Structures are given as C-alpha cells and as structure tokens.
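# Structure assessment
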Amino acid sequence: IYVGTQPGHLDEVIGLVETTIDDVIADGISAAELERTKGAVRGSLALAMEDANSRMTRLGRQLVTGSELLSTGERIERLEAVTTDQVRAVASDVLSSPKLVAVVGPIDDRTPLERIAG
C-alpha cells in the first residue's frame, strides 16, 4: 500500500488505510472492483509489451526469482481466472500479517507511527 500525504494528514490517512484493510479482510472486494483491477492489469501488460526493455525486464525478473516463464496470453488467462473469494483469502492472509512502514519526509516524536508500526 502506497500513500502520499502531508505530515499533518498522516493520522487521518493511517486511519483510512486501516479501515480499508479491515473492510477487505472482512468483506473482500466487489465483482466490479475485481473487473476494474483486471482491466488495469490487462492494460499494463499490453503497455509493457510495447517496448523490448519492458519485455526483457519482465523475463529477467521471472528468471531471477525462479518464476514460470509465461506468455502474455498465459498471464491474462490466469488473471481472468482470479475470483473475489481468492482475493479475499489472499488479502486476509497477507494483510493480517505484521506491517512494515517506511516514511520519507519530515517526521517527529508526535508522528503517530506507533499506531501502525505496533
């Protein structure tokens, strides 16, 4: 989860992120949200195929991490198979684990990081 905000809004933003995480764990995401996300990923895949550097970076990442080498068609096929129940299960597992917080910018002792870092 990435958030950009002014320091004065950090507490509010942390609360919104916590609420959103809790909602996704409890209720999952809607079918419409899943379809929008699939559309965004399909678009990203299509754009990534437009230049050789992007294609080689993807293939290199797959080789280095030991991932399967999948064609764009295979990646889209797997993407289309994802269900809201699967997203909820993964979200529950991943988002329930301890969180890591990185902050870039001016913070001081009054910054409410203990709220999310604990």
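Counting from 1, residues in each chain are numbered in the order their sequence is written. Reporting in this predicted model follows two pLDDT cut-offs: at least 70 for local features of residues, and 80 or more for side-chain atom pairs to be given and counted; totals over whole chains, interfaces and linings ignore these cut-offs and use all residues. No hydrogens and no water enter the side-chain calculation; it runs on all heavy atoms of the structure.

## What about the side chain of Lys 38?
A helix here means a DSSP run of H or I that spans at least four residues, while a strand means a run of E at least two residues long, and both kinds are numbered starting from the N terminus. Summarising the element assignment, Lys 38 is placed in helix H2 (residues 31-48). For Lys 38, a relative accessible area of 4% corresponds to the buried category. By the convention used here, residues are in contact when the closest approach between their heavy atoms is within 4.5 Å. In contact with Lys 38, other than residues within four places in its own chain, are Leu 79, Glu 80 and Val 82. Only protein chains enter the calculation, and the probe is 1.4 Å; a residue is then buried if its accessible area is under 20% of its type maximum, exposed if over 50%, and partly exposed in between.

## A short note on the packing of H2 against helix H4 (residues 72-81)
Two measures define how a pair of helices packs: the angle their axes make with one another and the distance between the axes. Only C-alpha atoms enter the line fits that serve as axes; for helices the fit covers just the stretch in contact. Angles between N-to-C directions range over 0 to 180 degrees. With their axes 10 Å apart at the nearest point, H2 and H4 run at an angle of 175° to one another. With respect to their mutual orientation, H2 and H4 come out roughly antiparallel. Within the contact between the two elements, H2 uses Lys 38, Val 41, Arg 42 and Leu 45 and H4 uses Arg 75, Ile 76, Leu 79 and Glu 80. Partitioning the contact of H2 with H4 into residue classes produces 4 nonpolar, no polar and 4 charged. Roughly parallel refers to an angle under 35 degrees, roughly antiparallel to one over 145, roughly perpendicular to one between 65 and 115, and oblique to any angle outside these ranges. Only Asp, Glu, Lys and Arg are considered charged in this grouping, and only Ala, Val, Leu, Ile, Met, Phe, Trp, Tyr, Cys and Pro are considered nonpolar; every other residue, Gly among them, is considered polar.

## Regarding the pattern of salt bridges
Here the idea is simple: oppositely charged side chains can pair when their charged atoms come close. Here, a salt bridge means any side-chain nitrogen of Lys or Arg that lies within 4 Å of a carboxyl oxygen of Asp or Glu. In the structure shown here, the tally under the stated rule is 3 salt bridges. Between Lys 38 and Glu 35 there is a salt bridge; the shortest N-O distance is 3.8 Å. Taken together, the positions of Lys 38 and Glu 35, both in helix H2 and 3 residues apart, correspond to about one turn of that helix. Of the charged contacts in the structure, one is a salt bridge between Arg 78 and Glu 68, with a shortest N-O distance of 3.0 Å. On the criterion of sequence distance, the pair formed by Arg 78 in helix H4 and Glu 68 in the loop between helix H3 (52-65) and H4 is long-range, its members being 10 residues apart. In this structure Arg 78 comes out as partly exposed when scored by relative accessible area, which is 45%.

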